Amino acid sequence: MSERLRIALTKGRLQDKSVELFEAAGLDCAPVRNPGRRLIHALPNYPLDVVLAKAPDVITYVEHGVCDLGVVGKDTILEKGGAFYEVLDLGFGRCRFALAVKKDSDFYGTYKTRRIASKYPNVTRAFFEGKGMDVDIIKIEGSVELAPILELADGIVDIVETGATLKENGLEPIEDVARVSARLIVNTASMKLYKTEITDFLSRVERELGGRT
Ligand code: PRP
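In this section: the overall build of the chain. Along the chain, the regular secondary structure elements total nine helices and 11 strands. The dimensions of the chain, computed from C-alpha atoms along their principal axes, are 65 × 35 × 30 Å. Within the chain, the proportion of its 213 residues that are buried is 42%.

Rendered as structure tokens:
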């Protein structure tokens, strides 16, 4: 008998796009479309249980093997790291990490240590280390665009999708840090233990993704 797999989906935008993708691949995701307050859902026509979680928790569940698979943004993967296989770029949730500053400010025009606010301190550290540049990093939990406006920071490293938030707050991107999109990740032990089941799931998703390009 085939083993039921468990997948963790990042709640919110990636959840909706994942559901669209899985349905196009033939999986009935009705329980996930109408979740109520339930956080775990058995799909009726495929041996898969869907768990809804916050992005960093998706990685935690997959790393610990309590979920075999996960859908999470590359932003969270870059920030949190971890031991798992990153097997597919799902093509949605596309955006970029950028360094942004107040419009017309001269970010590089001083030897003073720059102060950077970000929800992603590890990504920020790696980016500036790559430039050999010493910066002070301040961790902010959300609406990071406020930090330069309030003069807490000289710049931010954040996700830019349409660019509207930066623009409406008088900021501008001055450098790309990394490209981001949703990724399918797999627990390393599950990959061996449930190879047949995982291969079946991956090939369905890949077939659907292939038809999109
Ligand atoms: C993200 C990101 C930016 C905004 C970018 O924030 O941190 O603030 O979206 O999108 P845009 O380029 O299309 O304007 P989110 O909505 O996740 O909220 P948060 O800042 O409170 O985390």
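More follows now that the structure is in view.
So, about the domain arrangement of the chain. Here the domain parsing of the chain yields domain 1 (5-93 + 181-212) and domain 2 (95-179). Here the C-alpha centre of domain 2 lies 30 Å away from the C-alpha centre of domain 1. At the junction of the two partners, domain 1 supplies seven residues and domain 2 supplies 10 residues. For the pair domain 1 and domain 2, the summed buried area comes to about 670 Å², and 47% of that belongs to carbon and sulfur atoms. In terms of surface lost to domain 2, no three residues of domain 1 exceed D75, L78 and E79, which account for 71% of the buried area on that side. Inspection of the region where domain 1 meets domain 2 yields one salt bridge. Salt-bridge contacts for R13 lead to E161; the nearest nitrogen and oxygen are separated by 2.8 Å. Linking domain 1 to domain 2 there are five residue pairs in polar contact (both at pLDDT 80 or more). Among the residues forming the side of domain 1 that touches domain 2, the class breakdown is one nonpolar, two polar and four charged.

Surveying the vicinity of the ligand reveals 13 residues, the closest of which are K119, E145, D158, T162 and T165. In the environment of the ligand, an oxygen atom lies 2.4 Å from a nitrogen or oxygen atom belonging to the side chain of T165. Burial of the ligand by the protein amounts to 69% of the accessible area it has alone, namely 500 Å². The pocket occupied by the ligand, as judged from atoms lying within 2 Å of grid points, is the largest pocket. Sorting the residues of the shell around the ligand by element identifies β9 (155-160) and α7 (164-168) as the ones contributing at least two each. In terms of residue count, β9 provides more of the shell around the ligand than any other element does, three residues in total. Residues belonging to the shell around the ligand are distributed by class as follows: three nonpolar, five polar and five charged.

This paragraph deals with the nonpolar core. If you look at the biggest cluster of nonpolar residues, it comprises 28 residues, and the most contacted ones within it are I7, F22, L48, L90 and F201. The leading source of residues in this core is helix α9 (residues 195-212), at five residues. In contact with L90, not counting residues within four places along its chain, are L21, V71, A182, R183, L184, V205 and L209. Counting 13 residues, the second largest nonpolar core, distinct from the first, contains Y120, F127, F128 and V135.

A few words on the side chain of T124. Locating T124 in the fold gives a position in helix α5 (residues 121-130). A polar contact of 2.8 Å, which involves the side chain of T124, links it to the backbone oxygen of Y120. Those residues in contact with T124, other than ones at most four positions away along the chain, are I116, S118, I137 and V157.

With that settled, consider the packing of helix α1 (residues 13-24) against α9. α9 packs onto α1 with a crossing angle of 95° between their chain directions and a minimal axis gap of 9 Å. Of the possible angle classes, the one that applies to α1 and α9 is roughly perpendicular. Of the residues in α9, those touching α1 at E20, L21, F22 and A24 are F201, V205, E208, L209 and R212. Split by residue class, the contact of α1 with α9 holds six nonpolar, no polar and three charged.

The rules behind each value
- Numbering of residues begins from 1 in every chain and follows the order in which that chain's sequence is written.
- Residues qualify for local features only when their pLDDT is at least 70, as the model is predicted, and side-chain atom pairs are given and counted only at 80 or more; totals for whole chains, interfaces and linings, by contrast, use all residues.
- Side-chain calculation: all heavy atoms of the structure are included, whereas hydrogens and water are not.
- In this text, helices come from DSSP runs of H or I with a minimum length of four residues, and strands from runs of E with a minimum of two, each type numbered from the N-terminal end.
- Classification of residues uses two cut-offs on accessible area relative to the type maximum, computed with a 1.4 Å probe and protein chains only: under 20% is buried, over 50% is exposed, and between them is partly exposed.
- Where each domain begins and ends follows an automated or database-derived domain assignment.
- In what follows, residue pairs with any heavy atoms lying within 4.5 Å of each other are defined as contacts.
- What gets called buried area is simply the loss in accessible area from a 1.4 Å probe that two parts show on being joined, summed for both.
- The term salt bridge refers to a side-chain nitrogen of Lys or Arg lying within 4 Å of a carboxyl oxygen of Asp or Glu.
- The term polar contact refers here to a pair of N or O atoms within 3.5 Å; inside protein, the definition further demands a hydrogen-donor-capable atom paired with an acceptor-capable atom, and it admits residues adjacent in sequence only when both atoms are side-chain atoms.
- Note on residue classes: Ala, Val, Leu, Ile, Met, Phe, Trp, Tyr, Cys and Pro are nonpolar, Asp, Glu, Lys and Arg are charged, and everything else, Gly too, is polar.
- A molecule or strand has a residue near it when one of that residue's heavy atoms lies within 4 Å.
- Areas reported here follow the Shrake-Rupley algorithm with a probe of radius 1.4 Å; residue values treat only the protein chains shown as occluding.
- Any residue with an atom within 4 Å of a point lines the site, the site being either a cavity, points on a 1 Å grid over the protein atoms alone where a 1.4 Å probe fits but cannot get out, or a pocket, an open set with protein on both sides within 12 Å along at least 5 of 7 lines.
- Cavities and pockets are treated as containing a molecule whenever more than half of the molecule's atoms lie within 2 Å of their grid points.
- The definition of a nonpolar core used throughout is a set of buried Ala, Val, Leu, Ile, Met, Phe, Trp, Tyr and Cys residues joined through side-chain atoms within 4.5 Å.
- Each axis is a line fitted through C-alpha atoms, and for a helix only the stretch in contact is used; angles between axes span 0 to 180 degrees, taken between their N-to-C directions.
- Here the word oblique covers every angle except those under 35 degrees (roughly parallel), over 145 (roughly antiparallel) and from 65 to 115 (roughly perpendicular).

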